[in-house]
Amino acid sequence: MEKAFKKRFVILVLPTLIAFIIAFIIPFILGIYLSFTKFTTVTDAQWIGLSNIVAFRDKDFLASLLFTVKFVLVNLVTINLIAFMLAYVLSRKLRGTNIFRTVIFMPNLLGGIVLGYIWQLIINGILSFFRTTLTADAAYGFWGMVLAMNWQLIGYMMVIYIAAIQNISEEIKEAALIDGVTRGQMVRKIILPLIMPAITICLFMTTTNAFKMFDLNLALTAGLPGKSTSLVALDIYNSFYNRMGYEGVGQAKAVMFFLIVAAISVTQLIITRRKE
């Protein structure tokens, strides 16, 4: 059986590999090339070397990068903290836990644009009582996006944490309780160390999702007021599609952003995996 599988391994993997090369590798390499060119379409690209490095001097790009870092840090804490607390409660054998898990997970099934417009209506409806709107102040836009992203991702992360907590042997928990361990000590010294692989996954997924968020940003604030609530993905989109002659700069921003996010994500993975 194993020998037969090995013989057919290439045949089984080849379709996926071809799709991956066509859908990811080729566009990625082409994107790197275009970041060193000036173009309006792929066919008229002219090599200009490092001239597109002006992206680093773009005040809008730098402001959106700082705004994005702040957005990622806040979501990293709130999403994982709330998701873990919910998982800790709902991992117990209590009546109705399955219903609560389903309800909390459901927002993850909605698309970002749909979710963004739903929360735009809700938040603007509340703010209308104070005669203001979501786009009247950057602070409203920031916390509106944080709220919407928390609502979308908490359920997904909660499911991962529940699976990890339920995988801990009951004998370990019972032995700890017999030794006089409090609930707080149980969480800090037993549960958290044993679910570090799950924490690593959740931190990584939260970081990457927050960094690349575009649809919620576009639907909720579209960067308003001014460009003060633009995340990097939205700034790249505006450079590429809304500024004539800046296609190459937009592509350079995208490549630089990819390298920044990749470096941060890999560093985070290395740090958290050392604690597993």
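Before reading further, recall that the structure is shown in the block above.
Now for a quick tour of the structure. The model shown is predicted, which means the values in this text are computed figures rather than measured ones. (Residues numbered from 1 in each chain as written. Predicted model: local features only at pLDDT ≥ 70, side-chain atom pairs only at ≥ 80, totals over all residues. Heavy atoms only, no water.)

Structural notes on the overall build of the chain
- The number of helices and strands found in the chain is 11 helices and 2 strands.
- In sequence order, the chain lays out its α and β elements as α-β-β-α-α-α-α-α-α-α-α-α-α.
- A principal-axis box enclosing the C-alpha atoms of the chain has dimensions of 70 × 70 × 30 Å.
- The buried share among the 276 residues of the chain stands at 38%.
- Taking contacts inside the chain between residues at least 6 apart in sequence as the whole, the part at least 24 apart equals 71%.
- In the chain, which carries 24 positive and 13 negative side-chain charges, the distance between the mean positions of the two groups comes to 3 Å. (Helix = DSSP H or I, 4+ residues; strand = E, 2+ residues; numbered from the N terminus. Buried < 20%, exposed > 50% of the residue type's maximum accessible area, 1.4 Å probe, protein only. Contact = heavy atoms within 4.5 Å. Lys, Arg positive; Asp, Glu negative; His and termini not counted. Charge placed at Lys NZ, Arg CZ, Asp CG, Glu CD.)

Comments concerning helix 7 (residues 183–194)
- With 12 residues, helix 7 extends 15 Å from end C-alpha to end C-alpha; this agrees with the ideal 16 Å at 1.5 Å per step.
- If you check which residues of helix 7 are buried, you get M186, V187, I190 and I191. Each buried residue of helix 7 lies within a common arc of 130° when the element is viewed along its axis, so the set occupies one face. Residues of helix 7 that are exposed and angled more than 90 degrees away from the buried face: R188 and K189.
- Turning to helix 7, the residues buried within the fold contact helix 2 (59–90), helix 5 (138–166) and helix 6 (170–178). (Expected span 1.5 Å × (residues − 1). Arc of directions from axis to C-beta.)

Some words on the packing of aromatic side chains
- Evaluation of the coordinates by the stated rule reveals 17 aromatic pairs.
- Aromatic pair F142 and W143: ring centres 5.0 Å apart, planes at 85°, arrangement edge-to-face.
- Of the residues examined, F142 reaches a relative accessible area of 2% and is grouped as buried.
- One aromatic cluster is present, formed by F39, F214, Y237, F240 and Y241 through successive ring pairs.
- The cationic tip of K70 hangs over the ring face of F142; the distance from NZ or CZ to the ring centre is 4.7 Å. (Phe/Tyr/Trp six-rings, centres within 6.5 Å; stacked < 30°, edge-to-face > 60°. Lys NZ or Arg CZ within 6 Å of the ring centre and 35° of its normal.)

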